[in-house]
Amino acid sequence: MVGPISVAFILAFTVYGCDCFSTSPPSMKSPPNPSLVPRLTLEEYLASPITKKPVLIKDIASPDEIESLADQLIGTLGEEIVQMQRKVKEETNYTTTTEIYDVSLQESIDYMMDSNHFDSYFTFCEGLLPSSPSETMQTLAVKLEKIRDAPYHDQENWFEYFPTSIKPTDAIIMAGTGATSTLHRDPFEWTGTSLCLEGTKIWRFILPPEGGVKLVDEALRSYRLDSIAWENQQNDEKPIVLSAGWQSDMTLYESISDDFPDAFEWMQLEEEDSKKFQRENENAGVNATCLRPCAALDNIHGSSKPQFVTAIQQTGDLLLIPAHCWHQTYAPVPSVAVASQRCGAKVDAASVIGHILKLTRSEEEANIPDILKRDEYEEGTGEDVVKKLLKFVLRPQVRLQTECITLSSGLSLSYVESLGHDASDSPTTLFIHGLDSSSQTWRGVQQALKTPSIAIDCRGCGHSDLGDEESFSPDALVEDVKSLVKTNRLLKGKKIVLVGHSMGGRIAMMYAAKYPEDVSALVVEDMDIMRRSVESNFIQSFDERKAIAFDRSHTSLESVKEAFAEIGYPTDMLDKWIGEGRIEKKESGEYWSGVNPAFRALCYRTVFDSYCGTDAWGEIVKHTTKEGEYKHNAKIYLMVAGICSVCNEDSLQEMRESMSGNEGLLSMTTYEEGTHSIHNTARNEFMNDLEAIITNAKVEQ
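Residues numbered from 1 in each chain as written. Predicted model: local features only at pLDDT ≥ 70, side-chain atom pairs only at ≥ 80, totals over all residues. Heavy atoms only, no water.

As a further point, take the nonpolar core. By size, the foremost hydrophobic cluster in this structure holds 77 residues, and its most contacted members are Met509, Leu522, Phe599 and Trp617. Setting aside anything within four residues of it in sequence, one finds Leu522 in contact with Leu498, Ala508, Met509, Ala512, Ile620, Lys635, Ile636 and Tyr637. In terms of nonpolar packing, the next biggest core, distinct from the first, is built from 36 residues, Ala61, Ile66, Val103 and Leu144 among them. (Core = buried A, V, L, I, M, F, W, Y, C linked by side-chain atoms within 4.5 Å. Buried < 20%, exposed > 50% of the residue type's maximum accessible area, 1.4 Å probe, protein only. Contact = heavy atoms within 4.5 Å.)

The next subject is the sheet that holds strand S5 (residues 96-104). Spatial ordering of the open sheet is given by S2-S3-S16-S9-S18-S7-S6-S4-S5, a layout of 9 strands whose pairing is mixed. Only two strands of the sheet have a single partner each, and these edge strands are strand S2 (40-41) and S5. Direction of pairing for strand S6 (residues 119-126) relative to strand S7 (residues 171-175): antiparallel, over a ladder of 5 bridges. Looking at the pairing, Phe124 lines up with Ile173 of S7. Against the sheet, helix H2 (residues 63-77) engages S7, strand S9 (191-198) and strand S18 (335-342), with an angle of about 90° to S9. The strands that helix H15 (residues 557-567) touches are strand S4 (81-89) and S5; relative to S5, the one it contacts most, it runs at about 165°. (Pairing = 2+ DSSP bridges. Helix = DSSP H or I, 4+ residues; strand = E, 2+ residues; numbered from the N terminus. Axes fitted to C-alpha atoms, helices over the stretch in contact; angles between N-to-C directions.)

Here the focus is unusual backbone geometry. At Glu189, a residue that is not glycine, the phi angle is positive and equals roughly 55°. With respect to the helices, strands and loops of the structure, Glu189 is situated in the loop between strand S8 (183-185) and S9. Even without being a glycine, His324 presents a positive backbone phi close to 75°. Within the secondary structure layout, His324 lies in the loop between strand S16 (318-321) and strand S17 (326-330). The class of His324 is partly exposed, set by a relative accessible area of 30%.

Time to look at the packing of H15 against helix H16 (residues 571-580). Direction vectors running N to C along H15 and H16 enclose 135°, while the axes themselves pass 10 Å from each other. By the angle class used here, H15 and H16 are oblique. Where H15 crosses over H16, the two elements pack in a sense that is right-handed. Here Leu557, Lys561 and Phe564 of H15 lie close against H16, whose contacting residues are Leu574, Asp575, Trp577 and Ile578. Grouping the constituent residues of the contact of H15 with H16 by class yields 5 nonpolar, no polar and 2 charged. (Parallel < 35°, antiparallel > 145°, perpendicular 65-115°, else oblique. Left-handed = near helix turned anticlockwise from the far one by under 90°. Nonpolar A, V, L, I, M, F, W, Y, C, P; charged D, E, K, R; others polar.)

Here the focus is the pattern of salt bridges. For the structure on display, the rule yields 25 salt bridges. Where Arg39 meets Asp317, a salt bridge forms, and the shortest distance between an N and an O atom there is 3.8 Å. Of this pair, Arg39 sits in the loop between strand S1 (35-36) and S2 while Asp317 sits in the loop between strand S15 (307-314) and S16; the two residues are 278 residues apart in sequence, bridging distant segments of the chain. Here the two residues Arg39 and Asp317 agree in accessibility, since each one is buried. With a shortest N-O distance of 3.5 Å, Glu378 and Lys346 are connected by a salt bridge. With Glu378 in the loop between helix H9 (349-359) and helix H10 (382-393) and Lys346 in the loop between S18 and H9, the pair connects residues that are 32 residues apart, well separated along the chain. Look at Glu378 and you get partly exposed, because its relative accessible area is 48%. (Salt bridge = Lys/Arg side-chain N within 4 Å of Asp/Glu carboxyl O.)

Secondary-structure assignment places His623 in helix H18 (residues 612-623). A distance of 2.8 Å separates a polar side-chain atom of His623 from the backbone oxygen of Ala513. (Polar contact = N/O pair within 3.5 Å; in protein donor to acceptor, adjacent residues only side chain to side chain.)

Right, let's get into the packing of H2 against helix H5 (residues 135-149). Where H2 contacts H5, the two axes come as close as 10 Å, and the packing angle between them is 140°. Relative to H5, H2 is oriented so that their crossing is left-handed. Where H2 abuts H5, its residues Glu65, Leu69, Gln72, Leu73, Thr76 and Leu77 lie against Thr136, Met137, Leu140, Lys143, Leu144 and Ile147. Tallied by class, residues from the contact of H2 with H5 come to 7 nonpolar, 3 polar and 2 charged.

Attention shifts here to the environment of Ile620. Of note, Ile620 is situated in helix H18. Using a relative accessible area of 0% as the deciding quantity, one classes Ile620 as buried. Distance in space between the C-alpha atoms of Ile620 and Lys514 is 8.5 Å, their sequence separation being 106 residues.

Tracing the backbone through its elements, the reader meets Glu80 in the loop between H2 and S4. It is 8.2 Å that separates the C-alpha atoms of Glu80 and Val103, two residues lying 23 residues apart in sequence. Those residues in contact with Glu80 that sit more than four places away from it in its chain are Val103, Ser104, Leu105 and Leu128.

On to the pairing of strand S12 (residues 244-248). Across the 5 residues of S12, 5 count as buried, placing the element largely inside the fold. Along S12, one buried face is formed by Ala244, Trp246 and Ser248 and the opposite face, lined by Gly245 and Gln247, is buried too. Judged from the 3 bridges that link them, S8 and S12 form a sheet pairing that is antiparallel. Looking at S12, one finds that Leu183 is bridged to Ser248.

Here we take up the sheet that holds strand S27 (residues 591-593). Read from one edge to the other, the open sheet built from 3 strands follows the order S25-S27-S26, with strand pairing classed as antiparallel. Looking at strand neighbours, the two that pair on one side only are strand S25 (553-554) and strand S26 (583-585), the edges of this open sheet.

Now for H16. Those residues of H16 not exposed but buried are Thr571, Met573, Leu574 and Trp577. Angularly, the buried residues of H16 cover 155° about the axis, an arc narrow enough to put them on a single face. In this fold, the buried residues of H16 make contact with S5, H15 and S26. Just beyond H16, the residue with positive phi is Gly581, at close to 90°. (Arc of directions from axis to C-beta.)

To continue, consider the environment of Tyr161. Structurally, the position occupied by Tyr161 is in the loop between H5 and S7. With relative accessibility at 29%, the residue Tyr161 sits in the partly exposed group. Along the primary structure Tyr161 and Glu383 are separated by 222 residues, whereas in three dimensions their C-alpha atoms are 5.7 Å apart. The residues touching Tyr161, leaving out its near neighbours within four places in the chain, are Glu156, Gly382, Glu383 and Val386.

Below, the structure is given as structure tokens:
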């Protein structure tokens, strides 16, 4: 590895800031560079603190102290098992294949030395520092804390008042040459810190314009991920999720120029001329033709453009990262860093509290304590505020329990039921998921809902049996739901609020058409009634036979990814599913996929590539007319995504026109900031509307 260099921090300032990266080929035009900003000493920072932009602080500790910290870290934790990520990138079209390995920390270092831009290794491991009981590790943790807190002299870190089970932990980050982190902005809207113990890291930041955070989120096609730092690891209770970050599948480092130095050339240059090494790193960081972002980033345009800035972090540098800043790193040489986070009274306490209240939907409560509504806090109040915050948001929560029933065919059908509600006077909501999904997609919705709910695993999905290929049909899917309705105590003999997402929306329509007497309200999330051919499957080169033969149980993540790749699924989709929990590791050590490609294949063949959608809608319309003897007088709610909707406008228009004369029974809402999975990407708006639907259904019952 590269030996310790001087400590450094970089300040992102607007004077030299550019509006946007350009990814046009150099032969056409040279793109503007992001700004590279000067590094500050600790004294300079303390004299004039900067809190709204990234800051690099140099000489935060002596080179000898930094080297000692790195040696102690690796020496003490070298045998700990971590997950190492390998990314293999095609040199022509830049498509990436990702593999995950369980190795020791020391072994990951060895792999890092063989890393390059097209075959890179990256390790991100949380929880190792506080979990080690050794005296050496505890001493190291104290030293690291002292260094990180130096810019915040005499200021509280409110995270220190959080219980251990929900306190964010430090992360050790190891990157081989050419490795990149994900493009993301941090969970919880905290202030992040990164202390580089070895090597050099190139950071690129996207700073949103005033009031333009959502503009950047949308342009990056971001999605939310629950922060694993908040999972309860101490016992068997369900995770306590108070925070969620933002992630994008785009990259600020898609390709490199032919003359970009390799790790050996970088290290040789450092030995020969350290000042030139510094200059060349800076040039590489700011040169968008040298390290080219993906072309999709050209979408970030408009009247209020974000600012792009670059930081070159070297051994001993402490980087401060404010909330709302999208960022991604690139390793020109192998590097080791420790990432942490803090929450201070004046800088980010209000945003952190607001984030927790919003994520847990507690901001909708009328009884929020006044102390949690402030825009700014005073030093010394942290412990009291945190105590009141946690008491408020961690009051008794809805518990989710997985159950199953056995169908007459002998198949097992699983579902997730919410517990802790008074079910006597409220309709139960029954959720049906879409393709490449399971009941897991509704977990956050069920936990936030104040009334009883059940989320079904359609046959072949989640933990439900698939059964024979020949027995898979639209009617079988409907009868599976009916079997659950007839037997479950929360559904039996009651009218239900039926919610279906995507393919689940098609199933929900078919159910309402066949059993209108069961339904008090029908919610169809981003689905129409148009026939879709098997060939319209958006996954290119989809292998139907391999999909139907897919085995959901695997001995390793590599095996899962290989199986999906052989069917035709893109790698980045698998990475997202793993982060969301759609692919889980069981206690036995095996991996189970709640996603079943067979369900996609068979649904396209039997449901989408048929007229069952239009037939079902026709029956629903009949039930609302005199001809159908008014069997269906419940309202129908069409929820349409404002971004990347799968709905066909002509088909939606057909649905509206067919209800002519009964317009009062049909409502259509477009969620401007919601993508196809509205219940996840526009959660607050979705929940507000769903709870109003449930309330109306309760009154009408």
